[in-house]
Amino acid sequence: MTNSANVLPTRVLGSVELGSDLSVSALGLGCMGMSEFYGTADEGEAVRTVHRALDLGVTLLDTADMYGPFTNEQLVGRAIADRRDAVVLATKFGNVRDVDNPRNRRIDGSPEYVRSACDASLARLGVDHIDLYYQHRVDRSVPIEETVGAMAELVAAGKVRRLGLSEASVDTVRRAHAVHPITALQTEYSLWTRHVEEAILPALRELGIGLVPYSPLGRGFLTGTITSTDDLDADDFRRHNPRFQGDALQANLALVERVRAVAERRDVTAGQLALAWVLDQGPDVVPIPGTKRVRYLEENVAAAAITLTDQDRVELAAAVPVDAVVGERYPDMSSIDA
């Protein structure tokens, strides 16, 4: 297999409109794994990955205060310090972790916390504004109108340019959008996570809100490189993910093999084809595959050059039917606003 899609496009990535007025690259970069969750971190390689992404035309960089916790924002801030104008910088608040015991988590959408979290993120990132500020998880104890009202105050103060939500239900999105325009909803979406298609994506399109899928490669599973949790570092959180466990793992591996077969016919990798599928869902869908290594970044960017055919779409639909994946997305789904 020559893997022709690994030859990077001769032009930088094209731009699309996220929401009604935010121009971003068609593909973003998720930075979470550069600090934790996916095994050993290498800051030098992470910074090189960010710089290479910018060189290739990736403009949307995604981080959050909880990643690290806090250290990922610092890393991203250092990486973009001399290239701030080339970046659409997105970060998130509200998923609060105890610094001394990061496994202790809570959700806070109170107006007071919104304001303090933003100031802290600005300081860690070393910037004077955040381009896209998300509520990371919906706080059901605080009316969304109060949370978004406080976020809107940040826009008025010039600290934030646009607002987003993450893992929010249709009702929450509608209520939030009535308070202040929401530019994007971030949620998991890939060939093996299709929950947005029935109600969420149609509502976003009705309202003119963009979709930013995280984990568009199924937490790396759709690349076909993971066949056992033994392939993962000891501190990799996927070791505890329901989709990577026991019988679920075996059932899901069979689905990936079907994707790989289609990819081989196209002379691309399974991961590239899976990412091309997400990109094929529309120009208002801007995935942010995460990686901490230049080689995987380049492979992901090359996927943007793949144009799916009708045959590809039919074969992929048959390979991974909606709801065919076994296992919940998280060990505990209680923080997801459904």
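Given the structure is predicted, the values throughout are model-derived calculations rather than measurements. (Residues numbered from 1 in each chain as written. Predicted model: local features only at pLDDT ≥ 70, side-chain atom pairs only at ≥ 80, totals over all residues. Heavy atoms only, no water.)

Participant: Tell me about the packing of aromatic side chains, residues and numbers included.
Facilitator: For the structure on display, the rule yields 5 aromatic pairs. Ring geometry for Trp192 versus Phe244: centroids 6.1 Å apart, planes at 85°, classification edge-to-face. You can see Trp192 sitting in the loop between strand S10 (182-188) and helix H6 (200-207) and its partner Phe244 sitting in the loop between strand S11 (210-214) and helix H7 (246-266), a full 52 residues away along the chain. Using a relative accessible area of 5% as the deciding quantity, one classes Trp192 as buried. Classification of Phe244 as buried rests on a relative accessible area of 1%. Ring pairing ties together the aromatic residues Trp192, Phe221 and Phe244, which thus form one cluster. (Phe/Tyr/Trp six-rings, centres within 6.5 Å; stacked < 30°, edge-to-face > 60°. Helix = DSSP H or I, 4+ residues; strand = E, 2+ residues; numbered from the N terminus. Buried < 20%, exposed > 50% of the residue type's maximum accessible area, 1.4 Å probe, protein only.)

Participant: An account of the pattern of salt bridges is needed here, citing residue identities and associated values.
Facilitator: By the definition in use, this model includes 25 salt bridges. Notably, a salt bridge pairs Asp284 with Arg205, separated by 2.7 Å at the nearest N-O pair. Residue Asp284 is located in the loop between helix H8 (270-279) and helix H9 (294-303), and its partner Arg205 is located in helix H6; the two are separated by 79 residues in the primary sequence. Residue Arg205 is classed as partly exposed on the basis of its relative accessible area of 39%. What emerges from the salt-bridge pattern is a single network uniting Glu167, Glu188, Arg219 and Arg329. (Salt bridge = Lys/Arg side-chain N within 4 Å of Asp/Glu carboxyl O.)

Participant: Tell me about the sheet that holds strand S3 (residues 29-30), and name the residues and values.
Facilitator: Overall, parallel pairing links the 7 strands, which are arranged S3-S4-S5-S8-S9-S10-S11 in an open sheet. The two strands at the open ends of the sheet, each matched to only one other strand, are S3 and S11. Sheet contacts for helix H4 (residues 144-156): strand S5 (88-93), strand S8 (130-135) and strand S9 (160-166); angle to S9, the most-contacted strand, approximately 155°. (Pairing = 2+ DSSP bridges. Contact = heavy atoms within 4.5 Å. Axes fitted to C-alpha atoms, helices over the stretch in contact; angles between N-to-C directions.)

Participant: Which residues make up the confidence of the model for the protein, and what are the values?
Facilitator: Looking at the protein, the pLDDT average stands at 92 and 95% of residues meet or exceed 70. Taken together, the stretch residues 1-5 has pLDDT below 50 and engages in 14 contacts with residues farther than four places along the chain or on a different chain. (pLDDT = per-residue confidence, 0-100.)

Participant: Quick one: what's the story with the environment of Ala274, residue by residue and with numbers?
Facilitator: As for its placement among the helices and strands, Ala274 is situated in helix H8. Residue class for Ala274 comes out buried when judged on its relative accessible area of 0%. Along the backbone, Ala274 and Gly224 are 50 residues apart, and their C-alpha atoms lie at a distance of 10 Å. Among residues more than four places away in sequence, those in contact with Ala274 are Leu191, Pro216, Leu217 and Leu222.

Participant: Can you lay out the packing of helix H3 (residues 111-125) against H4 for me, pointing to particular residues and giving the numbers?
Facilitator: Viewed as axis vectors pointing N to C, H3 and H4 meet at an angle of 35°, and their least axial separation amounts to 8 Å. Between H3 and H4 lies a crossing of right-handed hand. Facing Pro111, Val114, Arg115 and Cys118 of H3, the residues of H4 in contact are Glu146, Thr147, Ala150, Met151, Glu153 and Leu154. Residues belonging to the contact of H3 with H4 are distributed by class as follows: 6 nonpolar, 1 polar and 3 charged. (Left-handed = near helix turned anticlockwise from the far one by under 90°. Nonpolar A, V, L, I, M, F, W, Y, C, P; charged D, E, K, R; others polar.)

Participant: I'd like to hear about H3, residue by residue, with values.
Facilitator: Between its first and last C-alpha atoms H3 spans 21 Å; for 15 residues at 1.5 Å apiece the expected length is 21 Å, and the two agree. Within H3, burial applies to Pro111, Tyr113, Val114, Ala117, Cys118, Ser121, Leu122, Arg124 and Leu125. In a view along the axis of H3, the buried residues occupy a sector of 165°, so they form one face of it. Of the exposed residues in H3, the ones pointing more than 90 degrees away from its buried face are Glu112 and Ala123. Buried residues in H3 make contact with helix H2 (71-79), S5, strand S6 (95-97), S8, H4 and S9. One or two positions beyond H3, positive phi appears at Gly126, with a value near 70°. (Expected span 1.5 Å × (residues − 1). Arc of directions from axis to C-beta.)

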